[in-house]
Amino acid sequence: MAGLGFEETELRLGLPGGNDAEEATRSSGKRAFEETIDLKLKLEQPAPERDEDEEAAAADVIPAAANSLSSPAASVATGGGSMKRSPSQSSVVTAELPDPEKPRAPKAQAVGWPPVRSFRKNILSVQSTQKGAGAGVAALVKVSMDGAPYLRKVGLRMYGSYHDLSKALEKMFSSFTIAGSCGSQGMKDMNETKLADLLSGSEYVPTYEDKDGDWMLVGDVPWEMFVESCKRLRIMKGSEAVGLGHTEGDGKMQEQMLRNAYLHASGISCNDTALLFYVS
Amino acid sequence: MTYFPEEVVEHIFSFLPSHSDRNTVSLVCKVWYEIERLSRRSVFVGNCYAVRPEQVVRRFPNVRALTVKGKPHFADFNLVPPDWGGYAGPWIEAAARSCVGLEELRMKRMVVSDESLELLARSFPRFKALVLISCEGFSTEGLADIASHCKHLRELDLQENDVEDRGPRWLSSFPDSCTSLVSLNFACIKGEVDSASLERLVAKSPNLRSLRLNRAVSVDTLSKILLRTPNLEDLGTGNLTEEFQTESYLRLTNALEKCKMLRSLSGFWDASPACVPFIYPLCHQLTGLNLSYTPTLEYSDLTKMISRCVKLQRLWVLDCISDKGLQVVASSCKDLQELRVFPSDFYVAGYSAVTEEGLVAISSGCRKLTSLLYFCHQMTNEALLTIAKNCPNFIRFRLCILEPRKPDATTNQPLDEGFGAIVRECKGLRRLSISGLLTDKVFMYIGKYAKQLEMLSIAFAGDSDEGMMHIMNGCKNLRKLEIRDSPFGDGALLGNVAKYETMRSLWMSSCNVTLKGCEILASKMPMLNVEIMNELDGSCEMEENSVDPSRVEKLYVYRTTAGARDDAPNFVKIL
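First things first, this report covers the structure right here in the doc. It should be emphasised that the depicted structure is a prediction, and the values quoted were computed from it without experimental measurement.

1. What to know about the overall build of chain A
- Counting its secondary structure elements, chain A contains 7 helices and 7 strands.
- The linear arrangement of helices and strands in chain A, starting from the amino end, is β-α-β-α-β-β-α-α-α-β-β-α-β-α.
- Out of the 280 residues in chain A, the part that is buried amounts to 49%.
- In chain A, the proportion of contacts linking residues at least 24 apart, taken out of those at least 6 apart, comes to 61%.

2. As for the pairing of strand β21 (residues 528-533) of chain B
All names here are of chain B.
- Within β21, 6 of the 6 residues are buried, which leaves the element mostly enclosed by the surrounding structure.
- Going residue by residue along β21, you find L528, V530 and I532 tucked away on one face and N529, E531 and M533 tucked away on the opposite face as well.
- By the bridge criterion, 6 bridges tie β21 to strand β22 (residues 554-559) in an arrangement that is antiparallel. Looking at the pairing, E531 lines up with Y556 of β22.
- Examined bridge by bridge, β21 and strand β23 (residues 572-574) share 3 bridges and lie antiparallel to one another. Bridged to M533 within β23 is V572.

3. What to know about the packing of helix α18 (residues 440-449) of chain B against helix α19 (residues 465-474) of chain B
Residue and element names in this part refer to chain B.
- Here α18 crosses α19 at 5°, and the two axes come no closer than 8 Å. Taken as axis vectors, α18 and α19 run roughly parallel relative to one another. Mapping the contact onto sequence places D440, F443, M444, I446 and G447 in α18 and E466, G467, H470, I471 and G474 in α19.
- Broken down by class, the residue content of the contact of α18 with α19 amounts to 4 nonpolar, 4 polar and 2 charged.

4. Thoughts on helix α11 (residues 246-257) of chain B
Residues and elements named next belong to chain B.
- In this model α11 runs 16 Å from its N-terminal to its C-terminal C-alpha over 12 residues, within 8% of the 16 Å that 1.5 Å per residue would give.
- Within α11, the full set of buried residues consists of S248, Y249, L252, T253, A255 and L256. Along the long axis of α11, the arc covered by the buried residues comes to 165°, so they all point the same way. The exposed residues of α11 that point more than 90 degrees off its buried face are T246 and E247.
- Residues of α11 that are buried in the fold lie against α10 (219-228), β10 (234-236) and α12 (280-283).

Basis of the calculations
- Residues numbered from 1 in each chain as written.
- Chains lettered and ligands numbered in written order.
- Predicted model: local features only at pLDDT ≥ 70, side-chain atom pairs only at ≥ 80, totals over all residues.
- Heavy atoms only, no water.
- Helix = DSSP H or I, 4+ residues; strand = E, 2+ residues; numbered from the N terminus.
- Buried < 20%, exposed > 50% of the residue type's maximum accessible area, 1.4 Å probe, protein only.
- Contact = heavy atoms within 4.5 Å.
- Pairing = 2+ DSSP bridges.
- Axes fitted to C-alpha atoms, helices over the stretch in contact; angles between N-to-C directions.
- Parallel < 35°, antiparallel > 145°, perpendicular 65-115°, else oblique.
- Nonpolar A, V, L, I, M, F, W, Y, C, P; charged D, E, K, R; others polar.
- Expected span 1.5 Å × (residues − 1).
- Arc of directions from axis to C-beta.

Following this line, the structure appears as structure tokens:
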């Protein structure tokens, strides 16, 4: 959009030696995850109105769990420029992902966009602060899977049960599961009664971090409670510990190994027995 | 026809349904002009600055119903600075002087003061209906005056206004003699109401057909009220939070079941999922459902309710419903005519559980769809083509992809072809809002095919002046054009100046028009008001780091017989 005279207030983000942002947006398509996308933030100042209770500073940077994205650490994103903020402070970087399902992380604001009446905005923002849920109205949580090069985000409220969630996760991460008996089989039936099968029969263990910061096994608590308390999900690879067999007999050894691996991964001391796995 | 007595001609005119028809007959000859103007009962003023209030009331002294609209549409999204204008005062004062028979007043996006409401209440002895939509500037004290003095009040309908809360006394101000209420909507009132007053009011209003409560009204009060209104057709609930015992909800269900005429439901303030089953017995008879104020209901609650609403014609929801939920809507609500899906996340590239898949499902299940407002995460050309084929009867099609300039999600192409299909297939399209990545090509399609189009909203779209020119030259019925953040400049602004006389208004913000261009327009077209709004006061020197000083940030052009308005604030310059 040359010639609009926005250059002074416009933020352009990208790799050094920079792409033209517009060009990048148009040709972005199916980029490899290593590249970062240029996100053009238009900060118009002064903004006539700002909602006080909007979280202007929510910058989501997604570090790769395993492989590294070349993303520099991002600082806070601001949007909607009130007079008090200088436009120079923000940069938001996200990874461009081939999967169109992935919601964009940056929380930029533009004046009057999206075009929703203030009346409506005020109602919804009041209601979400009242609710005080950790992940907000949509219960968005990051999902990492060991071995996957990038994270995903899901809205837990979109699903009615563990079963629905597991199907969705399966779909999301199916490209990363190792061919064979593990992956898809492992994601099915993530309900309470089938956890035993899951643990003994698959490489993947779904865990989550709850409001208290503890890592829990998915499926222990009723669905609603899980949605309320889940802050992020991690799909652990059981074989991170050792190579696994899938027979019953190995179950116990596997459990111990998983436990060790898990403790190690979470940084919890081995003496902490308030542990999270159990095999029913 | 001139040999007929006036009463006969007048009677013939009374069959003319539309304002434009009546306007036309008034041009035939002086006699007809006189007959028409004295017998006109209903006047619609689409832009309060297009004509002086005195002119209107002088020409139509016997008007009974007056509708006036103020600020431009983009004021809804905070693009119009506060204090821009749109004052109701002059209209109410003029009517109070010359049209004492006034019975109905409808206003949208106007600034209404308590003093004006008091004047209104005292000036029109037969006043029956007040409808205020997206207005501001008044408080509950003004409403108290309306309640106290309008003895024949039938309708008090307050939609999404910004009302200052000065206490609940307004509701108690209806005198005992007032038994004529048919419609009461105070959903936008923020404060408490006195339940006893409300119950008393309802008890003495046997004609009540439409009642929309605010958040302060409890489940118990609602149940008591409903027992008194078996003929209620439209209900906006109070709050439906979980705090109450199941008994309260059982009472509610019993009361609701008695309302056999109930067709439309809204409100659901703070509704908890637990309350949803209590509405089930009603669902089969509903034609209208508004759940768009309720982020606390998730997709499963929503779908359980909606799947029972087999007669639904109008549905407003939040995007928490997700694509999957929209599939349920598509398979359950075969009579659906209007759908609005609002975002629950307001950031520019915010998350939305709704994509093109949901809309495709809707289009294939709900073939009667004519009106759509859809906020979504992404769209594809293929989806739009399918939607256009499935639903060629769209009259209103408003699509908002949350991220500006987002291309087709699978091909990364612009969405020109998709919207092109919409305008090609939907020959009756009257209103269109476009979004996503769009080049001048989409405007070529719109100009070529959208012959019935009356209102077009453009944001972050197009490449050059050519885009806008396609619209100006092609859309014969265009009345309102609003554009933001698009690269159209003076060339487009001045490319077809005669067109503006046939339109109500043009809005351009964050485009490429310059002061020079606007000055040329103003000089060529004296019947237009060319309003310029800059962030900086026009008289100051421009600051060093600002944008090009001749660039016009906000432009509002409208035809008028009233000349430049005298109530413009400092930041508005009228050329």
